[in-house]
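Structure assessment
Listed here are the chains, written in short residue letters.
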Amino acid sequence: EPSGGPAPTTLPAGSPADSAVAADGMEQAPEQITATVSVVNPLGLHARPVAALIRALSDRDVEVRIGRPGGPSVDLRSVLRVVALALRGGDVVEITAGGRDAALTTAALTALITGGFGEAERPAGRRPAVGMGVPPARMGNAPAARRPLDGTAPTLKNGSLAASAGAPGLAIGPLVRLDRAPVQITGNGSGSANLDVDGEKSALTIAIDATAGRLAHGNEFEVAHAALLGDPELRSDALRRLDQGGTTAAAAWWSAVGAMADSLAADPDELVAARAVDVREAGTAVLAEFGVVVDRIPLDLAGKVVFADDLGPGEVPVLVERGAVGVVLSRGSATAHAVIVARGLGLPMALRAGDALGTIAPGTPVILDGDTGLLTVDPTPEEADRVTSLISDQAAGEVARRAAAQGSVRLADGREVLVVANIGSLADARAAVSAGADGVGLLRTELLVLDRDTYPDEDAQTDDLQAIFEVLGDRPIVVRVLDAGGDKPVTALALDAEHNGFLGVRGLRYLLAHPDLLQAQLRAICRAGLGHRVSVMAPMVTIAAEVVAFRSAVDRAVQSLVDEGIGHRPPEKVGVMIEVPAAALAADEICAVSDFVSVGSNDLTSYTMAADRTLAGVAELLDPGSTALQRLLDQLCSFALAAGTPVAVCGEIAGMAEFAIGLVDRGVHELSVAPARIPFVKELLRGQRG
């Protein structure tokens, strides 16, 4: 603030903020707004959450700085500087905003941070699957523990090296070392004093913007990379290098990327250092605009174990496609994006192995245990045979489970139980088919639009859905219409954190208040459904009157397509989600006007226990085995059975061994789970056939 200027206004986190208006009705100059908020998600403000915060600044007249109270602050748009602050779960963040939209922006940012970015801690007593967890959150400002890569790094003793667990699984194969990415890009006129500096600057700006725009519509890691490319310091460093002359746009850009990545890699905080490889991978995407391809991965890695300093998330699928059976990283973090991708693809990985393997001759056989991080170099023939046999048995077991999952499940009483998938993307649809899904019980359409800057029109929605439906073929598909609000802040709709919060206008409430949005989506579903078995389902239903209103909207959408002569197929069934205690208690009334109901146990537990499922402080209350929730399920299923209305469950409990059988015993006819859980759930249910 300039000397003598107005004092900052401090808002508590999440409080409403209205524009200041003078007594005479004239709008005053906006004040500086300061808010403090505690970080909820354990991993804190790493690249993806920061990208979400930056998206909240879109089209707003505001400048925002962020930091610890009393400490240095940085421009929020400087992704890498924010990441370098190493703000973790439990840390207090101070947000300072100035500009016409300062108040609204501050409220939106505090809501996002308190929402936890979908990374809230798991309920007490529930541990992540072996090998899939993350280290505990670092509290306060204490440095994160990192294994140094000097003399205290793991050493090779008697043919064994104790690295850290990364992605689970066993692998054996000859060791191959990946070359580091090149430090400099040469050629294309580099070194010439006659380069058109202004032209190179323009070309670089166009390349960065084009790449960021493309990545912004990709997967979650590509979206984070798009935010990295928007970092003003990275861009200005590249432009400064061009001003010095004698270099091309591509070479200047890559030099700036390397400098930023090296700076991050040297940071003592593990999560900050892990972003170095993301900066390099985002940087290579820009180089591709200049026709420069940085690909250090050999074309033939069949049966090989790869050793590298670090990997970008985009490199992991390439390793799998080219035949690698395992990866060892000299550095790496359990929370690095590449490690997350490796887990999802089933690629065993060990981390923080140091440089000892760099002294091993290429082609030396190595055994990798991704569950423990243990490496065995040049094993005896007997040990190699034992591990190879174990890997073969595990692979055969997985193949058998997946093969068995392709069939249906019929219980001893003759009932058929469908085990279907929860999906939100084309990749999920493919995974569901591969895993043996009987269909889709929940297609989360909001995930198709969550990070888009502009909301897709009817034609674009139709195209997105058609691509997914084609993969699923003739399997039954339940499409949930847009569930915006709560913990799903659809960027393009500019939702208000309070008005559209968990207890506000979200889900079906929002769609009924925006009928044009609902009609466009219903028409797209019907158009894409031509030749497929598609049903529709509404989220956040509270009373039967809302079901009637939803059915009327479906009828209007179908009639409009008939009137216009547009090819379509009406939904087979019209159903609703049971996520609110009021709906569960009045299930008899709702079942009377609905073709089916699907229990969203995650929200139902949250609303029943009055505990926000994004807040770690009340996580212990979110117990699906609680007396209150179990009684609600008993009554709901009893009402539905009496009405002859099919009941599905698509929340987390559907895939949990301790609850799935109880749900089926209540008469639930369909369990909708993550694709990876389908073989397990089918095997579990078949064990109940007597």
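Provided above is the structure to which this section pertains.
For the structure given in this document, a descriptive report is provided here. Note that the structure is a prediction, hence the values are computed from the model and not measured. (Residues numbered from 1 in each chain as written. Predicted model: local features only at pLDDT ≥ 70, side-chain atom pairs only at ≥ 80, totals over all residues. Heavy atoms only, no water.)

**Re empty space enclosed by the protein**
On inspection of all chains with the given rule, the structure shows 2 cavities of 30 Å³ or more. T445, L448, V449, Y455, Q461, D464, L465, L482 and Q521 together form the lining of the largest cavity. Take the lining of the largest cavity: its biggest share by element is 3 residues, from helix α14 (residues 458-472). (1 Å grid on protein atoms, 1.4 Å probe; cavity = no way out; pocket = protein on both sides within 12 Å on 5 of 7 lines; lining within 4 Å. Points joined across faces, edges and corners; volume = space filled by probe spheres on them. Helix = DSSP H or I, 4+ residues; strand = E, 2+ residues; numbered from the N terminus.)

**A word on unusual backbone geometry**
Backbone geometry places A86, a non-glycine residue, at a positive phi of 55°. Looking at the secondary structure, you find A86 in the loop between α2 (79-84) and β5 (92-98). Phi is positive for M540, which is not a glycine, with a value near 55°. Relative to the assigned elements, M540 resides in the loop between β18 (533-538) and α17 (544-564).

**Quick look at the pattern of salt bridges**
All told, the structure shown has 22 salt bridges when counted by the stated rule. Salt bridges sharing common partners tie together E458, D459, R523, R527 and E564. (Salt bridge = Lys/Arg side-chain N within 4 Å of Asp/Glu carboxyl O.)

**Some remarks on the sheet that holds strand β8 (residues 170-177)**
Spatially, the 8 strands line up as an open sheet ordered β6-β13-β12-β8-β9-β10-β11-β7, and their pairing is mixed. Only two strands of the sheet have a single neighbouring strand rather than two, namely β6 (160-162) and β7 (164-167). Across the sheet, the axes of successive neighbouring strands diverge by a mean angle of 30°, strand direction being ignored. Two strands pair when backbone bridges link them, and β8 and strand β9 (residues 305-308) are joined in this way by 3 bridges, in the parallel orientation. The partner of R177 across the bridge, within β9, is F307. Those strands touched by helix α12 (residues 381-405) are β8 and β12 (365-369), and its axis lies near 115° from that of β8. (Pairing = 2+ DSSP bridges. Axes fitted to C-alpha atoms, helices over the stretch in contact; angles between N-to-C directions. Contact = heavy atoms within 4.5 Å.)

**A look at α17**
When the terminal C-alpha atoms of α17 are compared, their 31 Å separation across 21 residues agrees well with the 30 Å that a helix rising 1.5 Å per residue should span. Tucked inside the fold, the buried residues of α17 contact α15 (508-513), α16 (515-528), β18, β19 (574-578) and α19 (587-591). Following α17 by one or two positions, G565 has its phi on the positive side, about 70°. (Expected span 1.5 Å × (residues − 1).)

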